[in-house]
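Below, each chain spelled out in residue letters.
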Amino acid sequence: MKAVLLGLLLAAVFAIAVGELLQSTKEESRWWYAPSRKAPLYEHKYQGLRERLVRAAAAQTVNMRLPRDVLPSSYTIRLLPFIEEGNFTTDGYIEILIDCKTATSNISMNAAELDIMQESIQVVDNADNTQRDVEKFYDEQNPREIITINLKTPLVVGSTYKISMKFISYLNEDLRGFYRSTYVENNVTKYLAVSQMEAPDARRAFPCFDEPNMKANFTITVGRKTSMSAISNMPLRSEEPISNMPGYVWNHFKPSVKMSSYLVAMMVSEFVSELSNPSLSPDVEFKIWARPSFRNQTKYSADIGPRILNEYVTKYFQIEFPLPKVDMAAIPDFAAGAMENWGLITYRETDLLYDERRSSASAKQRVAIIIAHELAHQWFGNLVTMDWWNVIWLNEGFASYMEYPGTDYVEPGFEMNEQFTVTDLHYVFGIDALETSRPIDFEVNTPSQINQMFDAISYEKGSCIIRMCANFLGEPVFRRGVTSYLNKNAYGNTVQKDLWDALNTQAVNENVQLPATVETIMETWTKQMGYPVINISRLYDSANSAVASQQRFLLMKNENSSDKNDYSWWVPLTYTKDFTDIRKHWMPSGSGANTIQSLPGSSANWVIFNVGQEGYYRVVYDERNIEMIRNQLMTNHLAISKKNRAQILDDYLNMARANLTTYVTAMELTRYLAHERDYAPWTAASVALDYIDIMFYGYPDEQEWKNYMTVLVTALYDHVKYEASNSDAHLTVFTRSQAVSWACGRLNVINCITKANRDYQAWMTDATKELQPNLRRLISCTAIAEGGRPEWEFGFNRYLDSTLANEKTELLRAITCSLDVGILNEMLNRMITPSSGIRLQDANTLFSNIAANPVGHGVALDFLINRWDDVVAYFGNYEGFGGDAITRLFRALCNRVNNDEKLEKLTKLSTDHSSSFNSASARQGLELAQTNVRWVKKHYGTIVNWLKSQNSATEGTTVTSLASTTTPSTVATTPSSAARAFVNHFFILMAAIATFTGF
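Just so you know, these numbers come straight off a predicted model, no measurement behind them. Sequence positions are assigned chain by chain, starting from 1 and proceeding in written order. Under the rules for a predicted model, residues below a pLDDT of 70 receive no local features and side-chain atom pairs below 80 are neither given nor counted, while totals for whole chains, interfaces and linings still include all residues. Heavy atoms throughout the structure, all of them, feed into the side-chain values; hydrogens and water do not.

(A) Here's a closer look at the pairing of strand E14 (residues 248-253). Categorising residues by exposure relies on relative accessible area from a 1.4 Å probe, with only protein chains included: less than 20% of the type maximum marks a residue as buried, more than 50% marks it as exposed, and the intermediate range marks it as partly exposed. Secondary structure counts use DSSP, requiring at least four H or I residues in a row for a helix and at least two E residues in a row for a strand, with both numbered from the N terminus. In terms of burial, E14 is largely enclosed, as 6 of its 6 residues are buried. What you see with E14 is no split at all: Tyr-248, Trp-250 and His-252 on one side and Val-249, Asn-251 and Phe-253 on the other are buried throughout. Whether two strands pair comes down to DSSP finding at least two bridges between them. Pairing analysis gives 5 bridges linking strand E11 (residues 217-225) to E14, with the strands arranged antiparallel. Among the inter-strand pairings, Val-222 is bridged to a residue of E14, identified as Asn-251. Relative to E14, strand E13 (residues 236-241) is paired through 5 bridges, and the arrangement is antiparallel. By the bridge assignment, Glu-240 is partnered in E14 with Trp-250. Here E13 folds back onto E14 in antiparallel fashion, the turn holding 6 residues, of which Asn-244 has a positive phi close to 60°.

Below is the structure:
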């Protein structure tokens, strides 16, 4: 292998490698501007693309809201899906009881892609059973997704009516509405029918009032073959044969509680279930459903699910779960990470299934986090629902906040509190630092606009401002306020003011002193985009005071911006000199500079603001204070908390990007990392330093950067070691991934590379020998990048054959590490080929990771340009998600651009297909690419000069790895090949987001 021969061939490789590097393109492995890592992926195939493109564009200006002349109170739905090749249709019948609120002759409701049997439509007065004559039927499914029944005489206010009709729907492959999914069991293709109604896609399964504030009770009947099973939101009430259809039965389910249409769920399958121990959930039956061959992977979910529900979430809210059962199902083809349907929660297989022996620690954590997230929704989202999709963050932000303590309850060793800042907070900081960000509360009308709300602003920023609010109120006060809010609005709908009022009332009742109402404070965070950077200038006078001022933080400010808003926030400042004496100060919105009197300690000690980084803001200090902090880090970094060490690194490396401090100051802070061993600081550093690593790729002084990083990383690698230990703490496992990603992937530590190749070759020789689960994708990536087609084919076949959901995702990423252009093109062709082995839901993962490969980036870009029609035809573009799949492919290409040539090519692609890239996400991606190129021109030289000054101090020093006590690791001082270049940039992606990746 090349890794083994590297020392002998170093001189020859050097000349080749430098040439390759100078011609290659830098790739960014941190997806700063991606949608939420927890949000739906929305990658679908759809027929009639050209018509859909036109209709989707037209729909942006069409009123797609329903009138409120009539409102539903209950539905009776009967669905008979035919899950057979050549058919895949569903016969449907529906009865809807409606209450007339305003006299009208028109009844409008939602429907999409349904074949309505007009002759079956009836409207009956529920009081006397008299039928109302239908004058006309308006079918506006294209483009408004609305049908209207026009009556000869108007309905009477206060009266109740029953609408009934028959219809036919299609079990589509679009992963929305009532759709079909497939899997292979014993070499036989199996089908199932399952639902995904959020966002507004219940209308694709049955005609309905598909708006979240039109709640009703649902009584559902589902037909099935006797060889299959059916489940829905509620328990089974009865079963009966279907007349004249031998081998089919009706399953009648109990009526649901009052809920929104997007929470309706049903599944017909040959799945098996695992019943949780009744002692864990005596009042709520808990089952995990999966394909039969995956049953052994359901035990972990069956254990922690009822514990999170009953022992944590129910006690947290002090409100009993209102349903008698919870089913959680692992779906082979599923667009979202999971969906919180009341009583029937659906998941991607990777987000529900876990193998104790073969799954990684990050896979285990993700399963726990997603389950906690969805169970929190049973109250925040299901019991109390947002009034309209513009405040979807009330659902998703709170569930994203609750997933951390919920997971911590069942897995205290995961140390979730330490992880929040480097996953949710630092992640969304990157997105919200763009001028193309958006406010949390943002007006939307069309399905396309609605689905763009499922992003990092709703999820991660929402969770961050909720965390900040809980902190300044005090967590017990916050919790009691939330319980009051839920009790007051149970089975109803709310706007964010309802939450703020409940919290404010609780604060007043408990004598919490605030400078303004909770609404006044929090709406500065929800009604405007972005966040502040707080400038702290200490006066070092006898009063030991400081002046604080705020401004919006932007990674790159556009002087020609049309945004003239004067951004300002109510900021809850916290500060300390030793993490025992923690003080608070409110910084009012619009107040200008604020003087803070009597800082703790004296002018001779440092002061750190934003203790624990509980606040949603960055901090920049005067030179003297940051110098004292730097000296503390160098002498005894443990005197500063882990979360604040992570904060300081992330703040300063990003503020240097934004020209709010110098890169010399920021880089000086990184020197202490040679002594750092903890997860949160290293994760923050890896993400922030990764940006520099990406920007340096392909430029003449890249090796200066590698030399410096080698000094920092070697000690960490030697500390955590390549080999795992049974005694490893959870975060030690994650920290090892950080170390191996740098040592094995970027810095050419031969000890690490050799071990990775050794382990992969042993796996190829004997497939029963398992790789370390926590390093499986890193090892596989190394070997495939270093090797040739045999290594790739082995990885690809293992991907196809794997019965371990999380292993499939890891191997899918690993196979994209190949540096063979032919293989890369082969994978891209497979991506848009049905039945190729690459599932539709995984296509984005494949493309994005190929685009992360320096060789693959150009291949992926050319593929999207040259095969545009084929790619768009496969993924589709439709009203529901505004062509989001295509935008994601474009975004994967944007993030890694660092020179004018690539930027020009990317810009042309965007211009040539402007109608497809007219979303905020696409604009953010292009803005990032432009920012990257400007960054190189502005900061590259400064950092190079600093690096040379640092590296000259250690010139002549031989850096060796101590991972082996018998043979010191040799660290290559030059890049070995394009393989090394790719692994360098690919590994950190996988390590930095290892905790939460599941797509």
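What follows picks up the thread again.
(B) Local environment of the side chain of Ser-458. Along the polypeptide, Ser-458 turns up in helix H8 (residues 456-473). A polar contact is formed between the side chain of Ser-458 and the side chain of Arg-438, at a distance of 2.9 Å. In the analysis that follows, any N or O atom pair within 3.5 Å is treated as a polar contact, provided that within protein one partner can donate a hydrogen and the other can accept it, and provided that, for residues neighboring in sequence, both atoms belong to side chains.

(C) View of the sheet that holds strand E24 (residues 546-552). An order of E27-E24-E23-E29 is seen for the 4 strands of this open sheet, with the pairing classed as mixed. Each end of this open sheet is capped by a strand with a single partner; those strands are strand E27 (594-596) and strand E29 (618-621). Taken over all neighbouring pairs, the strand axes of this sheet differ in orientation by 30° on average, direction set aside. Note that strand E23 (residues 532-538) and E29 share 4 bridges and pair parallel. Here an angle of 0 to 180 degrees is reported between the N-to-C directions of two axes, which are lines fitted to C-alpha atoms, with helices fitted over the stretch in contact.

(D) Molecular detail of the pattern of salt bridges. Take a side-chain nitrogen of Lys or Arg and a carboxyl oxygen of Asp or Glu: if they are within 4 Å of each other, that pair is a salt bridge. Here the structure, examined in full by the defined rule, presents 62 salt bridges. In this structure, Arg-438 engages Asp-455 in a salt bridge whose closest nitrogen and oxygen atoms are separated by 2.7 Å. Linking Arg-438 in the loop between helix H6 (416-432) and helix H7 (447-451) with Asp-455 in the loop between H7 and H8, this pair joins segments that are 17 residues apart in sequence. In this structure, the salt-bridge partner of Asp-651 is Arg-618, at a minimum N-O distance of 3.0 Å. Of this pair, Asp-651 sits in helix H13 (residues 642-657) while Arg-618 sits in strand E29, placing them 33 residues apart in sequence. Each member of the pair, Asp-651 as well as Arg-618, is classed as buried.

(E) Examining the packing of aromatic side chains more closely. Stacked, edge-to-face and tilted labels apply to pairs of Phe, Tyr and Trp rings (six-membered ring for Trp) whose centres lie within 6.5 Å, assigned for plane angles under 30 degrees, over 60, and everything in between, in that order. Tallied over the entire structure, the rule returns 46 aromatic pairs. Ring geometry for Tyr-75 and Phe-218: centres 4.4 Å apart, planes at 5°, overall stacked. On the criterion of sequence distance, the pair formed by Tyr-75 in strand E1 (residues 70-81) and Phe-218 in strand E11 is long-range, its members being 143 residues apart. Here the two residues Tyr-75 and Phe-218 agree in accessibility, since each one is buried. These aromatic residues form a ring-pair network of at least three members: Tyr-312, Tyr-316, Phe-317, Phe-321, Trp-379, Phe-380, Phe-398, Tyr-401, Tyr-409, Phe-478 and Tyr-485. Should the NZ of a Lys or the CZ of an Arg lie within 6 Å of a ring centre and within 35 degrees of the ring normal, that charge is described as sitting over the ring. Between Arg-657 and the ring centre of Tyr-691, over which it is positioned, the NZ or CZ distance is 3.4 Å.

(F) Spatial organisation of the pairing of strand E4 (residues 115-125). Two elements, E4 and strand E8 (residues 160-170), share 7 bridges in a ladder whose sense is antiparallel. Note that in E8 the partner of Ile-116 across the bridge is Phe-167. In this sheet, strand E5 (residues 131-132) lies alongside E4 in antiparallel orientation, the contact comprising 2 bridges. From the neighbouring strand, Val-124 faces E5, where its bridge partner is Gln-131. Hairpin connection, E4 to E5: the antiparallel pair is bridged by 5 residues, and Asn-129 has positive phi, about 65°.

(G) Layout of the packing of helix H22 (residues 821-831) against helix H23 (residues 843-851). Two elements in contact, H22 and H23, have axes whose closest approach is 10 Å; the angle formed by their N-to-C orientations is 155°. Classed by the angle they form, the pair H22 and H23 counts as roughly antiparallel. The element H22 and its partner H23 pack so that their crossing is left-handed. Within the contact between the two elements, H22 uses Leu-824, Met-827, Leu-828 and Met-831 and H23 uses Ala-843, Leu-846, Phe-847 and Ile-850. Three classes are used, and their members are as follows: Ala, Val, Leu, Ile, Met, Phe, Trp, Tyr, Cys and Pro are nonpolar, Asp, Glu, Lys and Arg are charged, and the others, Gly among them, are polar. Taken together, the residues of the contact of H22 with H23 break down into 8 nonpolar, no polar and no charged. Small angles under 35 degrees read as roughly parallel and large ones over 145 as roughly antiparallel, with 65 to 115 read as roughly perpendicular and the rest as oblique. Helix crossings fall into two classes, left-handed where the near helix is turned counterclockwise from the far one by less than a right angle and right-handed where it is turned clockwise. In what follows, a contact means two residues having at least one pair of non-hydrogen atoms within 4.5 Å.

(H) Looking closely at the side chain of Arg-180. Tracing the backbone shows Arg-180 in strand E9 (residues 177-185). A distance of 2.6 Å separates a polar side-chain atom of Arg-180 from the backbone oxygen of Leu-171. If we skip the residues at most four places from it in the chain, Arg-180 touches Phe-88, Tyr-170, Leu-171, Asn-172, Glu-173, Tyr-191, Leu-192 and Ala-193.

(I) Structural view of the state of the cysteines. The disulfide criterion used throughout: a pair of cysteine sulfur atoms within 2.5 Å. Tallying each qualifying case throughout the model produces 1 disulfide. Paired by a disulfide, Cys-781 and Cys-817 hold their sulfur atoms 2.1 Å apart. Between Cys-781 and Cys-817 the disulfide shows an S-S torsion of about -105°. By sign, it is left-handed. With Cys-781 in helix H19 (residues 776-786) and Cys-817 in the loop between helix H21 (805-815) and H22, this residue pair connects regions lying 36 residues apart in the sequence. The same class applies to Cys-781 as to Cys-817, namely buried.

(J) Highlighting unusual backbone geometry. The residue after Asn-142, namely Pro-143, is reached through a cis peptide bond having omega 5°. Along the chain, Pro-143 falls in the loop between strand E6 (134-140) and strand E7 (146-151). Residue Ala-199 follows Glu-198 across a cis peptide bond; omega there is -5°. If you trace the backbone, Ala-199 turns up in the loop between strand E10 (188-196) and E11. For Asn-129, which is not glycine, the phi torsion reads 65° and is therefore positive. Mapped onto the fold, Asn-129 is located in the loop between E4 and E5.

(K) Spotlight on the layout of surface pockets. Grid spacing is 1 Å over the protein atoms alone, the probe is 1.4 Å, and a cavity is where that probe fits but cannot get out, while a pocket is an open set with protein on both sides within 12 Å along at least five of seven lines and lining residues have an atom within 4 Å of a point. Grid points are joined across faces, edges and corners, and a volume is the space filled by probe spheres set on the points. Size it by volume and the largest pocket reaches roughly 1100 Å³. If you go around the largest pocket, you meet 42 residues; those closest to its centre are Thr-182, Tyr-183, Asp-333, Gly-837 and Arg-839. Only E9, E10, helix H20 (789-801) and H21 provide two or more residues apiece to the lining of the largest pocket. Per-element accounting of the lining of the largest pocket gives the leading share, 6 residues, to E9.

Keep in mind these numbers describe shape, not what the thing actually does.
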